[in-house]
Amino acid sequence: MTSSAHEMMTSSTGLSEGMLTASTLSFSDIREVTGHEQLCIGFLHLLDNIVLNLPDRMVTKLVDSILKPEALVVFTHHHCSAMRTASTQLLFTFLSHLPESQREAFLQRKCFHLLANQLYQHQASEEIVDCCLVFLFGKTFVSKQYNLLYLSSATPGHLEKLCIVPLMSLTVQCLGEPRLACRTLSTLLDTYKHILPMRQLLLSNGLVEMLCNLLMKLERFTNRADADDYTPVIDTVETFLRKIVTCSLTEPGFLSMNTMLDTITLFSYADRKVINGSQLIKNALCAIFEYAVTYMQNQCMRSSDKTDTRNYLLSMAYCSSVSRNLTAHHTQTADLEHEDVTPRDSDIRDTDDDQVEVMNVEQEEVVTRLRITLRIAVDFVIFREASDPVSPTEVRFASLLVVFLLKSVAATLERWQGMPSMWHGSLWTAREYLRDELSRLLVGLLCPSHPLDLQHVVVSALISEPLCRELLSGIVNNTLFQTVTVASLWMLANEHGGTDEHSRCENAKILLYVLAQTDASLILSESTVDANQTLREWDSLLAQRKAEWLQGKVLSEKRILQNFRSLTEEIMGHAMEVTQAVVASQNLQRKEFFEVTKRMRREKAERDRVWNQLIISLTHERAVWLDELRYPRCWALDETACAERIRLRRSCLGIPDRFMMKEYKCKLEPEKLPPPLAFITGCEETSGFDSMDLLHTLHTNERISFHCKCMNVTVFAETAGELLLGENHIHFVIEDFSSATNIQGYAGTRLNSQHVCTSVDDLVEIHKRRYQLKDNALELFLLDGRTFLFAFNTQKDRKAVHEELARHNLPNLVDTNHLDRVQKQWLDGAINNFEYLTQLNKMAGRSFNDLMQYPVFPFILSQYDGENLDLQDVKVFRDLEKPIAVQDRSKEQHYVARYQYLKEEYDRNRGSQRPLSMVPEPYHYGSHYSNSGIVLHFLVRLPPFTMMHLKFQDNNFDIADRTFHCLQTTWQLSSSQSTTDFKELIPEFFFLPDMLVNEQGFELGVRQNGERVHHVALPPWCRNDPRLFVLIHRQALESDYVTRNLHQWIDLVFGFKQKGKSAISAVNVFHPATYFGVNVEAIQDATQKLALQTMIKTYGQTPQQLFKNPHPQKSVRATFGERVVPGPLAEISGLKWGTYVGSPALQEPLVVSRHKYQTLIGSFVVLPSGDVCGIGTSETLIYRLSKSKAKSVQVGMLATLSWNHADNLIRIRQQKNGTVLNLLRHDFHDKVTCGAAAGGYKLLIVCGDTGVVTVYRLAYNERKLCEMVVCDEPVRLYGHGAAITALCISDAFRICATVDASGACIVWDLNRLCYIHGYKAHRDPVLAVSISETLGYIASVSYTGSVGSMAVHNINSKHIGTIQTEIAICCVCFSTSLEGVAINVIAAGMQDGSIRMWNTWDLQLVRQLAPSIAGSPITCLAFSSSAHSLYSVNSDGCLFIWQRLGKSHDQEEAAFTPLMHS
């Protein structure tokens, strides 16, 4: 709410510009009308025509239900003039048709005032002015004559006449067009003159303020080239002011005169608020004073003879002519008798130009009004700001006022012949007051603080007055007048200058002589001595009086401004109500629009998703719509971080063909074409396909409980966005879709989606992380194997997210942040070396999502060039007690000397307080054993790391000799030959053979010796086979030597030797920018700060320190009953076969349990709890895990699903109560041949004789009787051309393998429910398939006649080998011992009832268990979760449980639960 007059005068109504609109736009409309604005304008015109032709009752309904007049008031605040005009016209049309009740409601809300304020924000136009005039008067005006003719009889209604308020606001904003401004102002003037009821309405709604504001704005145009164009506007304003004065003085009573006094007060206030004053405002004030006295004088003398010379001598017309002469000729000294005192017609007309209003007041009131007017006029003249420049108008008015007072006082000294007029009587009555005002005016103007022009005007006026001596004698009794006047005249008389100054001095001397003839002779003689002192005292007294005068004016101004306060508050209140109502209505409509838009986009996104999924399903390499020209031919690492990151998927590399070998360039040809059937979804450019898809498929009905800014960190990019935590889901939405970096997959899919949308229930682990040495990140691990690393702006944000997630009931969350527990598990042999290092990396903050904190593994072997490798020989291993850089003891002194030198340098500069980047703490190594460059160096052959490597190397591959090309060379450089290269390994060396093969055919260059860099050169002892190397390397990691010494390497990387004195002694100190705790913000220099930030991003980061004390050593103990048996490879000694049942290192297992069941067991299901269940031939098992109070995993819900019923329903049987219920209806035309559940219960995969794989999503719902519900529509996967005969699911690798009667095998992605790859495994129908949970190998079996065949492929469809048998193979499974500590086997149930086992390395037969019952084929096989038991069942329904011979401390009891139902 505003309270100052300046704020109140910013608009024509005296209201604040802040009402309804928060900002003022530019003065001129220079924007072109946009197409959208043209559409809106046309709509408003159309609506105006509709309202104009509608019956009033329908208009009422329209207003009630669709559009409120108040909304149109808000719409008028628009930068487009045509939009404002159209909105205003529509508003007036509405008002013309509204019933009286709604009109009153419109008026009660002061909506015309709100409209005025809206229009005041913009420049006015002729169209909108005419719009207001038509509504006000019913017509617009094109000429003055028509205007007066119509206005004389115009009678606006109660509603229409208030349109004068917005018209006044438009007047001020018309100054851009002087003609329009003059026309609008003249219309208001004529309205004020001729329509009496409108006068008070105009005044009460800010007419005077509008005129004042208009003059202040006109001040800007006075110095422009077109200033003359605004002269009519200024003249009209002065005419308007004269009319206001006339009307104010016409009626009797003091209240009537207040209008003029308030006008003077407001104009004076405005003048004081402008720096150096406003000349137009001053001119207006002078005109008001002059005209007020003129009008009173003319009205008082209207009954007298105006041609009488005596009357003329008292008129303002005569005084004006005298003042003009005085200001033009200060030296004029002519006597009165020498002047022509005959009144002129022009002067008489000038003083009597408006005879419309007649003043009906008594003489006493005239005297009062005259006194007030003269007092204010004298104050205006003598209390002017000395710093303001004096204008000719001010000089003329001062002269006029002096002459008028002289003539008026002189008139009281003469005898009047005949009947005096009312004016003469009034002067006689006020004679004493006139003398006082004359004395005050003369003394004030003669003060040296006023310009000399004003002082000489006084002297000239006195010299020109015939009764000068008598006048001075009449006022000489005033001691102050005597003192100051004499002193001022004495100063003027003693001036020295040119001719003009000489004449003025003579005039001053004449006045001094005249004063000498009075009683002032004594004062005259004394003033020659102390004139300066007297004038200084007078200046001080005048300043004091001026301060008192200003204080009085401020009180008057506050009183006037207070009159508008209640109106202002009322209008502001209505403005708030209207704004809130309109905003609420708009928000409601906007919400409905957004809901519709979101629904449409969500539906489109869903359609696109379904289409895209269908396209992927129907265009892959085994689908009916395969387009070989467009199908991707390259492979990239899948983002799914399953048991081990070994899955590959089809990919578009998006690199130039110059990076490919000549024979491999054809692989990039499909990338030059749009994806198959891209025209269907309109996504030929797939880069932005799923950006909006995820954003608009957010769960809009889900309440978001927390959100904050963060960054999604992946190995591919760092993407800024916002993390949203809902009741059931976690969303991450990127800020800039265009900046999202994606590696293209097949048919527009992503290898690394930047968006995140996952269920909260899928959270398995939550770990706090560091990012760029700041403790501000959080990493989430999901059930499906995906991980997400989020870096927050502050630790506070991370803490809030962590606490918010902790509030949810997370059924699958596993607490793994117990270092002591993990260490004990390793020491007890519950987990192997690989798993222990994986857990240590995870706890130390290492993440596959951050290349600078990539998991680090040790170099294990030191022999890469021999034909043989003995893992029992300590010489083939590196020294785990020493860092990798000092494996050669001769190099140790080099690093020690470097540290000592840097320490001395650091000690010398320690007192200088130079930044860390300039004077670092001493270190042994300037680089690190793990950073982004090292990771990309090793993974250069494996997309998408290839593309990241190119970006890292400025869009080129590294120099060929520096490229990772040979393990022997890499070991030598890291351990001895280089002083700057000391890499440790990454986990992929122990499970991912694809990183060692240039499968895609990248052009990696030619070395200096002429050798082309292609595949990595491997040691001879692995037969140059990457698969065998990884398997052997994993065994080396689990060797006895490494197990006994691994604690020493842990001390270096994660333990007490990581930093401090122990690190110095162990020669294990790295650059200080690699350690946590570096304070980047403490560095002030921008260059040094950037340098340190670059070091942090490139040097590498030391893992978090986990152990402060030496790590305990693990003892190696022999397994009970284990024998030393040669391994599958003759080149390798010391391999471990493992302790699973059937291991060659153990004696032949025995059958410990035998039982025959009436119902045939179709398959075994191994539960996470360790139990083994048997189910029927047309059944599968679903289960739901729960946590006990001890946080151990237990099976909370157990049920079987069955199919092949006559009605084609799939039924569920709860094991707790045996209830059988219908769950879902499968496709009637697709007979189910096999099925299984993934993830316990979340996915039900059903295969049929049509070759279609149908996936149902299930959800647990304890309120349902069957506790399970089917979610969404089923997903159908196409690829088989024959009936599907078997399937196998791997939850560890999130894949499903299906085989059919044509011999084909297809691998499906359970995360995305799409095709990964397929191959022709056999020429005959495939009977069974199995997936290794440790290696990802896929074994499928078939037979021709009595000859059996087993094909083994890895998870990426590469053929490992085929096993031929003389008898048919009926079933197959893999042992589940941990890799590295065992060589797992493939167990097959044979047609003759025997069980054969082949090792997974070279597929050689290692064990055959004699048939238990001759002639009964083994139909089903399964190892227990620990692989210490083997379960088999034959075609007769006999169950056999095999266990190894003898007992040990970890021997498990046989546990079997039959769940078959007849």
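As shown above, the structure is provided for reference.
Each residue is numbered by its place in its chain's sequence as written, counting from 1. Totals for whole chains, interfaces and linings use every residue, but because this is a predicted model, local features are given only for residues with pLDDT of at least 70 and side-chain atom pairs only at 80 or more, for both listing and counting. Each side-chain value is worked out from all heavy atoms of the structure, with water and hydrogens disregarded.

Draft legend 1. Molecular detail of helix α6 (residues 100-108). Buried residues are those whose accessible area, probed at 1.4 Å on protein chains only, stays under 20% of the maximum for their type, while exposed residues exceed 50% and partly exposed ones sit between those limits. A run of DSSP states H or I qualifies as a helix once it reaches four residues; a run of E qualifies as a strand once it reaches two. Both are numbered from the N-terminal end. Inspection of α6 places Gln102, Arg103, Phe106 and Leu107 among the buried residues, and these make up the whole buried set. The buried residues of α6 occupy an angular sector of 145° when the element is viewed end-on, so they sit on one face. α6 presents Ser101 and Gln108 as exposed residues on the side facing more than 90 degrees away from its buried surface. In the segment just after α6, Lys110 is the residue with positive phi, at about 55°. Directions are taken from the helix axis to each C-beta atom, and the arc is the one they span.

Draft legend 2. Seen up close, the nonpolar core. Residues Phe92, Phe112, Leu207, Leu211, Leu218 and Phe267 are the most contacted members of the largest nonpolar core, which totals 150 residues. The contact rule is simple, with two residues in contact once any of their heavy atoms fall within 4.5 Å. The contacts of Leu211, once residues within four sequence positions are left out, are Leu185, Val237, Phe240, Leu241, Ile244 and Phe267. Nine residue types can take part in a nonpolar core, namely buried Ala, Val, Leu, Ile, Met, Phe, Trp, Tyr and Cys, and a core is a set of them joined through side-chain atoms within 4.5 Å. Residues Met843, Phe859, Phe991 and Val1067 belong to the second largest nonpolar core, which totals 143 residues.

Draft legend 3. Layout of unusual backbone geometry. The step from Pro943 to Pro944 runs through a cis peptide bond, and the omega angle for that step is 5°. Residue placement: Pro944 occurs in the loop between α35 (932-938) and α36 (945-952). Positive phi, normally seen in glycine, also occurs at Arg1023, with a value near 60°. Within the secondary structure, Arg1023 is located in the loop between α37 (967-977) and α38 (1026-1037). With a phi angle near 55°, Val1067 is a residue other than glycine that sits in the positive phi range.

Draft legend 4. Examining the packing of helix α8 (residues 126-137) against helix α11 (residues 178-194) more closely. Look at α8 against α11: their axes get within 11 Å of each other, and the N-to-C directions meet at 15°. Taken as axis vectors, α8 and α11 run roughly parallel relative to one another. Regarding α8 and α11, the two cross each other, and that crossing is left-handed. Judged by residue contacts, Glu126, Val129, Asp130, Leu133 and Phe137 of α8 engage Arg179, Leu180, Arg183, Thr184, Thr187 and Thr191 from α11. Amino acids outside the nonpolar list (Ala, Val, Leu, Ile, Met, Phe, Trp, Tyr, Cys, Pro) and the charged list (Asp, Glu, Lys, Arg) are all regarded as polar, and Gly is one of them. Residue composition of the contact of α8 with α11, by class: 4 nonpolar, 3 polar and 4 charged. Angular values range over 0 to 180 degrees, each being the angle between N-to-C directions of two axes fitted as lines to C-alpha atoms, with helices fitted over their stretch in contact. An angle counts as roughly parallel when it lies under 35 degrees, as roughly antiparallel when it exceeds 145, as roughly perpendicular when it falls between 65 and 115, and as oblique in every other case. We call a crossing left-handed when the near helix sits turned anticlockwise from the far one by less than a right angle, and right-handed when that turn is clockwise.

Draft legend 5. Local environment of the pairing of strand β20 (residues 1243-1248). Of all 6 residues that make up β20, 6 are buried, and the element is covered over most of its length. With burial as the criterion, each face of β20 is covered, one bearing Leu1243, Ile1245 and Cys1247 and the other bearing Leu1244, Val1246 and Gly1248. Any two strands are treated as partners once DSSP identifies two or more bridges connecting them. Two successive antiparallel strands, strand β19 (residues 1232-1238) and β20, enclose a turn made up of 4 residues, where Gly1239 displays a positive phi of approximately 65°. In this structure, β20 lies alongside strand β21 (residues 1253-1260), joined through 5 bridges in antiparallel fashion. Bridged to Leu1243 within β21 is Arg1257. Counted along the chain from β20 to the antiparallel partner β21, the turn is 4 residues long, and its residue Gly1251 has a positive phi close to 85°.

Draft legend 6. Structural view of the sheet that holds strand β24 (residues 1295-1300). If you trace the 4 strands from one edge of the open sheet to the other, you get β23-β24-β25-β26, paired in antiparallel fashion. Where the open sheet ends on each side, the last strands, each with one partner, are β23 (1284-1290) and β26 (1314-1320). Within the sheet, the average angular offset between the axes of one strand and its neighbour, ignoring direction, is 20°. By the bridge criterion, 5 bridges tie β24 to strand β25 (residues 1304-1309) in an arrangement that is antiparallel. Residue pairing for β25: Thr1298 is matched across the bridge by Ile1306.

Draft legend 7. The arrangement of the pattern of salt bridges in detail. When a carboxyl oxygen of Asp or Glu lies within 4 Å of a side-chain nitrogen of Lys or Arg, that pair is called a salt bridge. For the coordinates displayed, the defined rule picks out 39 salt bridges. Close ionic contact of Arg435 with Glu432 constitutes a salt bridge, the shortest N to O distance being 2.9 Å. Taken together, the positions of Arg435 and Glu432, both in helix α23 (residues 431-445) and 3 residues apart, correspond to about one turn of that helix. Taking the relative accessible area as the measure of exposure, Arg435 reaches 15% and is therefore buried. In this structure, the salt-bridge partner of Arg889 is Asp879, at a minimum N-O distance of 2.9 Å. With Arg889 in the loop between β10 (869-870) and α34 (892-909) and Asp879 in the loop between β10 and α34, this residue pair connects regions lying 10 residues apart in the sequence. Counted as one network, the salt bridges with shared partners bring together Glu126, Asp130, Arg179 and Arg183.

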